[in-house]
Amino acid sequence: MNTSCNPSPDTAVTAPPTGHAESAPRAVRRPRYRIDSTAEHHTVRVDLPSVTKESVQLALEEGLLTLKAARHTAVPESWKALHRELSDADYELRLKLNDRVDDQALTANLEDGVLTIVLPVKEAVRPRAIPIQ
Amino acid sequence: MKLARYPTLPSLTWSPFEGFFRHPFAGTAFDSFFTQGAATHDSPAAGLAVDVYEDAAHYYARFEVPGVKKEDAQIELEDRHLKVSVTRKIQSGDQTMQSELSRIVTIPKGIAVDGITAKLEDGLLTLTLPKQEERKPRVIALN
């Protein structure tokens, strides 16, 4: 069991440095996330409050998992802000997968503002018990 | 409405921006409203951050509480102190870890307390606090 919020380079999933070179119309920020790893799978849980399923974009290309999610924080025009602490920025997270992850079997589920991404470890690299003859 | 951080986590720290977020009505009749306890979303220990809005008939307080189930959120009102407490349960292998966060909000006078409602959706908790009739703006007809 390996639990990490800031995975070190030898873990299966690493976050490359963020670089938002593209001219995004809205500010983006990296959401908080945590990774739990077992021999069978890595589970990434990303905090995405104020996000609906429809606004989540999850893409996997050349071992790079890219998550983008827009917030729906807009309030009615008649509401006047008295005090603001919450961010308006959309979310963006990029995670680099290593070749031990079975990227074809990735699943994702959004519930209560948390996106749970399950990345199975390839069968071939899972630890196995060798029976003694 | 005063917002006071309610430290429940050992790592919870006070924001260096304390007092920065003075609401536009500070010093007016709404002086008791949201003048302290501001958290910043950039702080990893920001706790329960809140946005507050108003319209003609209501105040609204919104908290981001990702991963919190309806049954794990508690809202208590005692006198004018509204305490919002949430428990987040995180499954890690065969263990469940819990983290608790809370925030006390001192609500302004003139709230119809029986009409306060709360909604939890997509990790966003919205409290709606109706103003009492005499607090609502009204148009006085000229004779």
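Provided above is the structure to which this section pertains.
The notes below deal with the structure included here. Since the model is a prediction, treat every value here as computed from it, not as a measurement.

### Some details on the nonpolar core
The biggest cluster of nonpolar side chains holds 19 residues, and the ones touching the most others in it are B:Phe63, B:Val65, B:Leu127 and B:Leu129. At the level of elements, strand 2 (50-54), strand 3 (58-64), strand 5 (81-92) and strand 8 (124-130) of chain B are the ones that each hand at least two residues to this core. Setting aside residues no more than four positions away along its own chain, B:Val65 makes contact with A:Asp112, B:Leu48, B:Val86, B:Leu120, B:Gly123 and B:Leu125. Listed in part, the 18 residues of the second largest apolar core include A:Ile35, A:Val46, A:Leu67 and A:Leu97.

### Looking at the sheet that holds strand 7 (residues 117-121) of chain B
Remark on secondary structure: sheet strands pair via backbone hydrogen bonds, oriented parallel or antiparallel. Read across the open sheet, the five strands follow the order 8(A)-2(B)-3(B)-8(B)-7(B); overall the sheet is antiparallel. With one partner strand each, in any of the chains shown, strand 8 (80-83) of chain A together with strand 7 of chain B form the two edges of the open sheet. The mean inter-strand angle of the sheet, taken between neighbouring strand axes irrespective of direction, is 25 degrees. Across seven bridges, strand 3 of chain B lies against strand 8 of chain B in antiparallel orientation. Directly across from B:His58, in strand 8 of chain B, lies its bridge partner B:Pro130.

### Some details on the interface of chain B and chain A
Chain B puts 39 residues into the contact, and the matching count from chain A is 32 residues. Here chain B packs against chain A, burying approximately 3000 Å² in sum over the two surfaces, 53% of which is carbon and sulfur. Here chain B is connected to chain A by seven salt bridges. Of the charged contacts in the structure, one is a salt bridge between A:Arg71 and B:Glu64, with a shortest N-O distance of 2.6 Å. Along the contact surface separating chain B from chain A lie 15 residue pairs in polar contact (both at pLDDT 80 or more). Where the side of chain B that touches chain A is concerned, the elements lending two or more residues are strand 2, strand 3, strand 5 and strand 6 (95-106) of chain B. Here the element with the most residues in the side of chain B that touches chain A is strand 2 of chain B; it accounts for five residues. For the side of chain B that touches chain A, the per-class residue count stands at 22 nonpolar, eight polar and nine charged. Pairing analysis gives three bridges linking strand 8 of chain A to strand 2 of chain B, with the strands arranged antiparallel. Bridging from a neighbouring strand, A:Lys80 pairs with B:Glu54 of strand 2 of chain B.

Here is what the cut-offs are and how they apply
- Residues numbered from 1 in each chain as written.
- Chains lettered and ligands numbered in written order.
- Predicted model: local features only at pLDDT ≥ 70, side-chain atom pairs only at ≥ 80, totals over all residues.
- Heavy atoms only, no water.
- Core = buried A, V, L, I, M, F, W, Y, C linked by side-chain atoms within 4.5 Å.
- Buried < 20%, exposed > 50% of the residue type's maximum accessible area, 1.4 Å probe, protein only.
- Helix = DSSP H or I, 4+ residues; strand = E, 2+ residues; numbered from the N terminus.
- Contact = heavy atoms within 4.5 Å.
- Pairing = 2+ DSSP bridges.
- Axes fitted to C-alpha atoms, helices over the stretch in contact; angles between N-to-C directions.
- Buried area = accessible area lost by both parts, 1.4 Å probe.
- Salt bridge = Lys/Arg side-chain N within 4 Å of Asp/Glu carboxyl O.
- Polar contact = N/O pair within 3.5 Å; in protein donor to acceptor, adjacent residues only side chain to side chain.
- Nonpolar A, V, L, I, M, F, W, Y, C, P; charged D, E, K, R; others polar.

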